[in-house]
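So you can see what is in the structure, the chains are spelled out below.
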2 protein chains.
Amino acid sequence: MEKQDQLLMKKQNKNLVLDIIKNKSPISRMEISKITGMSPTSITRIVHELHEQGFVRETELVTSGVGRKATLLDVYDDVLYTIGVEIDRLIVKVGIVNYIGEIISFESMTRDVTENYSDTLEKLNNCIKELMTEKDIRTEKILGIAVGLPGFIDYKNGIVKVSDQLGWKNANLANDLKKHTGFEVIVDNELKMKIVAENFMGMAKDSLNAVLVGIGSGIGSALILNGEIYRGESNNAGEIGHTVIDPTGNVCSCGKIGCLATYISEAAILADSRKVKDVQSIDDVFDSYRNGESWAINILDRTSTYIALAISNILCLYNPEVIILSGNTIKKFPEIKEAIEKKCDLYIWEPLKEKVKIVYSMFTDRGVVLGAAIQAQNTLLDLE
Amino acid sequence: MEKQDQLLMKKQNKNLVLDIIKNKSPISRMEISKITGMSPTSITRIVHELHEQGFVRETELVTSGVGRKATLLDVYDDVLYTIGVEIDRLIVKVGIVNYIGEIISFESMTRDVTENYSDTLEKLNNCIKELMTEKDIRTEKILGIAVGLPGFIDYKNGIVKVSDQLGWKNANLANDLKKHTGFEVIVDNELKMKIVAENFMGMAKDSLNAVLVGIGSGIGSALILNGEIYRGESNNAGEIGHTVIDPTGNVCSCGKIGCLATYISEAAILADSRKVKDVQSIDDVFDSYRNGESWAINILDRTSTYIALAISNILCLYNPEVIILSGNTIKKFPEIKEAIEKKCDLYIWEPLKEKVKIVYSMFTDRGVVLGAAIQAQNTLLDLE
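Per chain, residues are indexed from 1 in the order of the written sequence. Lettering of chains starts at A and numbering of ligands starts at 1, both following the order in which they are written. Residues qualify for local features only when their pLDDT is at least 70, as the model is predicted, and side-chain atom pairs are given and counted only at 80 or more; totals for whole chains, interfaces and linings, by contrast, use all residues. Computation of side-chain values: all heavy atoms of the structure, hydrogens and water removed.

**Student:** Can you help me understand the overall build of chain A in this one?
**Tutor:** The helix and strand tally for chain A stands at 14 helices and 16 strands. The quantity called the radius of gyration is restricted to C-alpha atoms. Its globule counterpart is 2.2 Å times the number of residues to the power 0.38. Relative to a compact globule of 384 residues, whose C-alpha radius of gyration would be 21 Å, chain A shows 23 Å and is just as compact. Per-residue burial for chain A yields a buried fraction of 55% across its 384 residues. What makes two residues a contact is simply this: any of their non-hydrogen atoms within 4.5 Å. Excluding contacts between residues fewer than 6 apart, the proportion of contacts in chain A whose partners are at least 24 apart in sequence is 59%. The average position of the 44 basic charges and that of the 53 acidic charges among the side chains of chain A differ by 3 Å. By definition, any uninterrupted DSSP run of H or I lasting at least four residues is a helix, any uninterrupted run of E lasting at least two residues is a strand, and each is numbered from the N terminus. Only protein chains enter the calculation, and the probe is 1.4 Å; a residue is then buried if its accessible area is under 20% of its type maximum, exposed if over 50%, and partly exposed in between. Counted as positive: Lys and Arg. Counted as negative: Asp and Glu, with His and the chain ends omitted from the count. Charged side chains are reduced to one point each, which is NZ for Lys, CZ for Arg, CG for Asp and CD for Glu.

See the structure below:
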């Protein structure tokens, strides 16, 4: 075999072995050999290199099989860090995450609706530098930054094509933030970042087929299919908000009739509520529900019906192992969970029912930051 | 690098190089080297082995670049064959397909609704042996058989779990047909076989993200996502027939209200038609439409509306490059195409419209047979 092919293969094998140690630690060299099909000699050589580079250490000695002893391997938490960022309309969150996915430092800042783009970047940069100083983390330990935000993102070039929520259009965020901070930057939609966190250590841990549904001011979903983020041809896959669920129903701003979003988004719930009562915010609607006001009960009953129908449709089309519900509506109005579950039980097609788990995100307010940081690791770490 | 790793990699490289020559022929060694990143020396060695094994030959000499000459490579059509089979309620089709995906021999046989399982297998075996004799193809040239049929299939074990159309349940088809024929057998749903043909040389040629929609007695779809067949957790992905499209609409046999199938399947169209006129078959409905009978025009107008809504939803969720419409309704009633296209133009969300092609399958009646044969190659060929 030629030298150049061998080098490429060596590099691939090394990154593979490191991934396995990180995800399955503590693990023995022999187990790695079994998983990869690579010879014990190769594994020993690679582990030695990874140790020299500061990634891998030996931990305990255990008895494996008939009297044989095996040393287990683990990774160093602090070999590198990534920075996860969530930018939302009214809040910016920053977290430093270590190599094994622990948030070791976290900060959130309010964001004014009128705050302009470079002010946000400046604030972000200051916050990152403060957190690094606080935890005494040197610049060369930081692999890079990942930002999750609402909107349509050109993730390959790190450009925010449109974010109505932030009021940004064609913002070259990856480049601009790199100029401010000096770090490599990747950018993606917040739901995509969040499903990475769910897949790494949340409700879809290690799942090959998972759907994360976001229900709040926007209606959308992110997908892991066959073990990878699924984006579709133009990064629009999972656009459930504009699937038609009732062709004789509500008119949608997109020009169609009966889109799911016109029944379950915050704006839709508010618009219908205001036909009855002069409510200020979605919280007022939830309060009215809790006060037993029939109009609020009716509107939110319809919301849960359409959410359950959407879940049933998602299941038919993607046939995932798990569907994770998240977003402000679920968070602020947990009473809706029971209604959704009862209706799912009625709507979901029997052959699909037994195989799927319908669950709720367990990350409270740090899911996007964590997922972004992990995605930064996945994308930017490529050991020679 | 260890011997065992080198052997594995050599094998992978060899299969990769063969795939490239087959799909991109005529191609030079240098181009293969560029595509794979492997060294010219390795490519030369692998090509030599593939030539010795009867797969690859040199074709013409061309001038490439400044005065340099390159010999192009091609594969032998007849190095091996696979057999594609489609079993449907009233018809069984068999085709022998050569290594470059040409059907060199084809036969179709009627199947009686009451015909039992082993009779069908016996008939199939006789037909295969006859076609082989006719074309003088030796047993050792046949890599294997692939069968596409309607129903829910355990493709890993080649078992037909349920096929209502054929009246089969838990039929161990791969094993049983192997006993009859002596060949390796794989089994999959007919739409999955067909999308393989579309992806190989049809309307979704080389597409990474494609959806094939089948509209006829059954309503379903098959998916290529990120370049692979997408099956979901229990091989039910793409089950569009049971997505709810109108929650105040028709009752479905699955127990839900408003499933897509209740508006566009042959049975649904027939049931509605019989409220007006004593029609015998779906062809009578199409004839009534052609005679200008208003009830038929109204029912089929609604059919095209729901098909277009389904296409719009498919686009939102999978964001494919191409959606291929196929099935008996499209074939027997081509007038529906114009109506579907007009409505798609109204329904499809603008940001998605420019990226997608909505097309019709060009395979007349041999798509499943061809796709099955190609899938047999993809699955069963693994050169040492």
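**Student:** Honestly, the pattern of salt bridges in this entry has me stumped. Any pointers?
**Tutor:** Opposite charge on two side chains permits pairing when their charged atoms draw close. All names here are of chain A. The salt bridge criterion pairs a side-chain nitrogen of Lys or Arg with a carboxyl oxygen of Asp or Glu, the two atoms within 4 Å. What the rule picks out here adds up to 46 salt bridges over all chains. Across the salt bridge formed by Lys93 and Glu86, the nearest N and O atoms sit 3.4 Å from each other. Overall, Lys93 belongs to the buried group, its relative accessible area being 10%. For Glu86, a relative accessible area of 7% puts it in the buried group. The partner of Glu338 in a salt bridge is Lys342, and the shortest N-O contact between them spans 3.6 Å. Of this pair, Glu338 and Lys342 are both found in helix H12 (residues 336–347), four residues apart, which corresponds to roughly one turn of the helix. For Glu338, a relative accessible area of 52% corresponds to the exposed category. Take Lys342: its relative accessible area is 55%, and that puts it in the exposed class. Shared partners join several salt bridges into a network, and the residues in it are Lys14, Arg45 and Glu49.

**Student:** Is there a simple way to think about the side chain of A:Thr36 in this case?
**Tutor:** Residue and element names in this part refer to chain A. In this fold, Thr36 is placed in helix H2 (residues 29–36). We define a polar contact as two N or O atoms separated by no more than 3.5 Å, with the added condition that, inside protein, one atom must be a possible hydrogen donor and the other a possible acceptor, whereas residues neighbouring each other in sequence contribute only through side-chain atom pairs. A polar atom in the side chain of Thr36 sits 3.4 Å from the backbone oxygen of Ser33. Sequence-distant contacts of Thr36, defined by excluding residues within four places in its chain, comprise Leu16, Ile20 and Ile43.

**Student:** How should the sheet that holds strand S16 (residues 357–360) of chain B be read in this particular structure?
**Tutor:** Within a sheet, each strand pairs with its neighbour through backbone hydrogen bonds, oriented either parallel or antiparallel. All names here are of chain B. By this definition, two strands are paired if DSSP reports at least two bridges between them. One open sheet accounts for five strands, arranged S14-S13-S12-S15-S16; its pairing is mixed. On the outer flanks of this sheet lie strand S14 (228–229) and S16, each paired with one strand and no other. In this sheet, strand S13 (residues 219–225) lies alongside strand S12 (residues 210–215) in antiparallel orientation, the contact comprising six bridges. Across the sheet, residue Leu212 finds its bridge partner in S13, namely Ala222.

**Student:** Please clarify how the confidence of the model for chain A should be interpreted in this entry.
**Tutor:** In regions of low pLDDT, the predicted coordinates are not meant to be interpreted in detail. pLDDT is a per-residue confidence score from the predictor, ranging from 0 to 100. Here chain A averages 93 in pLDDT, and 97% of its residues register 70 or above. At the level of individual helices and strands, chain A shows its lowest average pLDDT in strand S2 (residues 56–64) of chain A, which scores 79, and its highest in helix H9 (residues 282–290) of chain A, which scores 98.

**Student:** Sorry if this is basic, but what is going on with H2(A) here?
**Tutor:** Since the α-helix advances by 3.6 residues per turn, residues separated by three or four positions end up pointing in the same direction. Residue and element names in this part refer to chain A. Here H2 has its buried residues at Ile32, Ser33 and Thr36. The buried residues of H2 occupy an angular sector of 100° when projected down its axis, which confines them to one face. Gly37 occupies a position one or two residues after H2 and carries a positive phi of about 75°. Arc definition: directions from the helix axis to the C-beta atoms.

**Student:** Would you explain the interface of chain A and chain B in this entry?
**Tutor:** Interfaces are often sized by the accessible area lost when the parts come together. Facing the 51 residues of chain A at the interface are 51 residues of chain B. Computed with a 1.4 Å rolling probe, the buried area is the accessible surface lost when two parts are put together, summed over both parts. Counting the surface lost from both chain A and chain B, the interface buries some 4,800 Å², and carbon and sulfur atoms represent 55% of this. Here chain A is connected to chain B by zero salt bridges. Applying the counting criterion to the chain A and chain B interface returns 26 residue pairs in polar contact (both at pLDDT 80 or more).

**Student:** Is there a simple way to think about the side chain of B:Ser326 in this case?
**Tutor:** If you trace the backbone, B:Ser326 turns up in strand S15 (residues 322–326). Setting aside chain neighbours within four positions, we find B:Ser326 in contact with B:Leu191, B:Lys194, B:Leu212, B:Val213, B:Gly214, B:Ile215 and B:Ser361.

**Student:** Please clarify how the packing of aromatic side chains should be interpreted in this entry.
**Tutor:** To describe a pair of aromatic rings, you give the distance between the ring centres and the angle between the ring planes. Note on aromatic contacts: the rings of Phe and Tyr and the six-membered ring of Trp form a pair at centre separations within 6.5 Å, being stacked when their planes are under 30 degrees apart, edge-to-face when over 60 apart, and tilted otherwise. The tally for this structure, following the rule as stated, stands at eleven aromatic pairs over all chains. Ring geometry for A:Tyr289 and A:Phe333: centres 4.8 Å apart, planes at 85°, overall edge-to-face. With a gap of 44 residues between them, A:Tyr289 in helix H9 and A:Phe333 in the loop between helix H11 (328–332) and H12 connect regions that are remote in the sequence. Considering the side-chain rings of B:Tyr117 and B:Trp168, the 4.9 Å spacing of their centres and the 90° angle between planes classify their relative orientation as edge-to-face. Highlighted residues: B:Tyr117 in helix H4 (residues 117–135) and B:Trp168 in strand S10 (residues 168–171), separated in sequence by 51 residues. When sorted by exposure, B:Tyr117 lands in the same class as B:Trp168, which is buried. Members of the aromatic cluster, connected to one another through ring pairs, are A:Phe286, A:Tyr289 and A:Phe333.

**Student:** Looking at this structure, I do not really get the packing of H2(A) against helix H3 (residues 40–52) of chain A. What am I missing?
**Tutor:** Two quantities define a packed helix pair, namely the angle between the axes and the distance from one axis to the other. All names here are of chain A. Where H2 meets H3, the closest approach of the two axes is 9 Å, and the angle between their N-to-C directions is 115°. When you trace H2 past H3, the crossing you get is right-handed. Every residue of H3 that contacts H2 at Arg29, Ile32, Ser33 and Thr36 is listed here: Pro40, Ile43, Thr44 and Val47. Under the grouping applied here, Gly and all other residues not named as nonpolar or charged are polar, the nonpolar ones being Ala, Val, Leu, Ile, Met, Phe, Trp, Tyr, Cys and Pro and the charged ones Asp, Glu, Lys and Arg. A per-class count over the contact of H2 with H3 returns four nonpolar, three polar and one charged. Interaxial angles span 0 to 180 degrees and are taken between N-to-C directions of axes, which are lines fitted to C-alpha atoms, for helices over the stretch in contact. Helix crossings get a hand from a simple test, with the near helix turned counterclockwise from the far one by less than a right angle marking a left-handed crossing and a clockwise turn marking a right-handed one.

**Student:** Quick question: what am I supposed to make of the domain arrangement of chain A here?
**Tutor:** Looking at the assigned domains, one finds that chain A contains domain 1 (3–75), domain 2 (81–195 + 367–380) and domain 3 (205–360). Centre-to-centre separation of domain 1 of chain A and domain 2 of chain A, based on C-alpha positions: 32 Å. Either an automatic procedure or a domain database provided the assignment from which the domain bounds are taken.

**Student:** Can you help me understand the packing of helix H4 (residues 117–135) of chain A against helix H5 (residues 173–181) of chain A in this one?
**Tutor:** Residues and elements named next belong to chain A. Contact pair H4 / H5: the axes reach a minimum separation of 10 Å and the direction vectors enclose 45°. The angle between the axes of H4 and H5 places the two elements in the oblique class. The chirality of how H4 crosses H5 is right-handed. Between H4 and H5, the residues in contact are Tyr117, Ser118, Leu121, Glu122, Leu124, Asn125, Ile128 and Lys129 and Leu173, Asp176, Leu177, His180 and Thr181, respectively. Residues that form the contact of H4 with H5 fall into these classes: six nonpolar, four polar and three charged. These descriptions rest on fixed angle ranges, namely under 35 degrees for roughly parallel, over 145 for roughly antiparallel, 65 to 115 for roughly perpendicular, and the rest for oblique.

**Student:** For this particular structure, what's the right way to read the relation of the copies chain A and chain B?
**Tutor:** For the pair of chain copies, the relating operation is a rotation around an axis with a shift along it. Superposing the copies works by least squares over the C-alpha atoms of residues that have pLDDT at least 70 in both of them. Rotating chain A by 180° about the axis while translating it 0.1 Å along that axis superimposes it on chain B, leaving an RMSD of 0.1 Å. The symmetry that links the two subunits is that of a two-fold axis. The overlap is high: 100% of the interface residues of chain A also sit at the interface in chain B, so the same surface is used on both sides.

**Student:** Any chance you could explain the environment of B:Lys179 here in plain terms?
**Tutor:** Mapped onto the elements, B:Lys179 comes out in helix H5 (residues 173–181). Sequence-wise, B:Lys179 and B:Leu121 are 58 residues apart; in three dimensions their C-alpha atoms are separated by 9.9 Å.

**Student:** Hey, could you run me through the environment of A:Val322 in this one?
**Tutor:** Residue and element names in this part refer to chain A. Counting through the fold element by element, Val322 comes out in strand S15 (residues 322–326). For the pair formed by Val322 and Lys357, sequence separation is 35 residues and the distance between their alpha carbons is 4.7 Å. Among all residues touching Val322, those that are not within four sequence positions of it are Met203, Ala204, Ser207, Asn209, Ala210, Val211, Val356, Lys357 and Val359.

**Student:** Explanation requested: empty space enclosed by the protein in the structure shown.
**Tutor:** Computed over the protein atoms alone on a 1 Å grid, cavities are sets of points where a 1.4 Å probe fits but cannot get out and pockets are open sets with protein on both sides within 12 Å along at least five of seven lines; a residue lines them when it has an atom within 4 Å of a point. Grid points are joined across faces, edges and corners, and a volume is the space filled by probe spheres set on the points. With the rule as written, the count across this model stands at five cavities of 30 Å³ or more. There is about 90 Å³ of room inside the largest cavity. Around the largest cavity sit A:Ile240, A:Thr243, A:Ile245, A:Leu260, A:Ala310, A:Asn313, A:Ile314, A:Leu317, B:Thr243, B:Val244, B:Asn313 and B:Leu317, which together line it. Broken down by secondary-structure element, the contributors of at least two residues to the lining of the largest cavity are helix H10 (294–318) of chain A together with helix H10 (294–318) of chain B. With four residues, H10(A) is the largest single contributor of residues to the lining of the largest cavity. Tallied by class, residues from the lining of the largest cavity come to eight nonpolar, four polar and no charged. Quantified by volume, the second largest cavity comes out at close to 50 Å³. As for the second largest cavity, its lining consists of A:Leu317, B:Ile240, B:Thr243, B:Ile245, B:Leu260, B:Ala310, B:Asn313 and B:Ile314.

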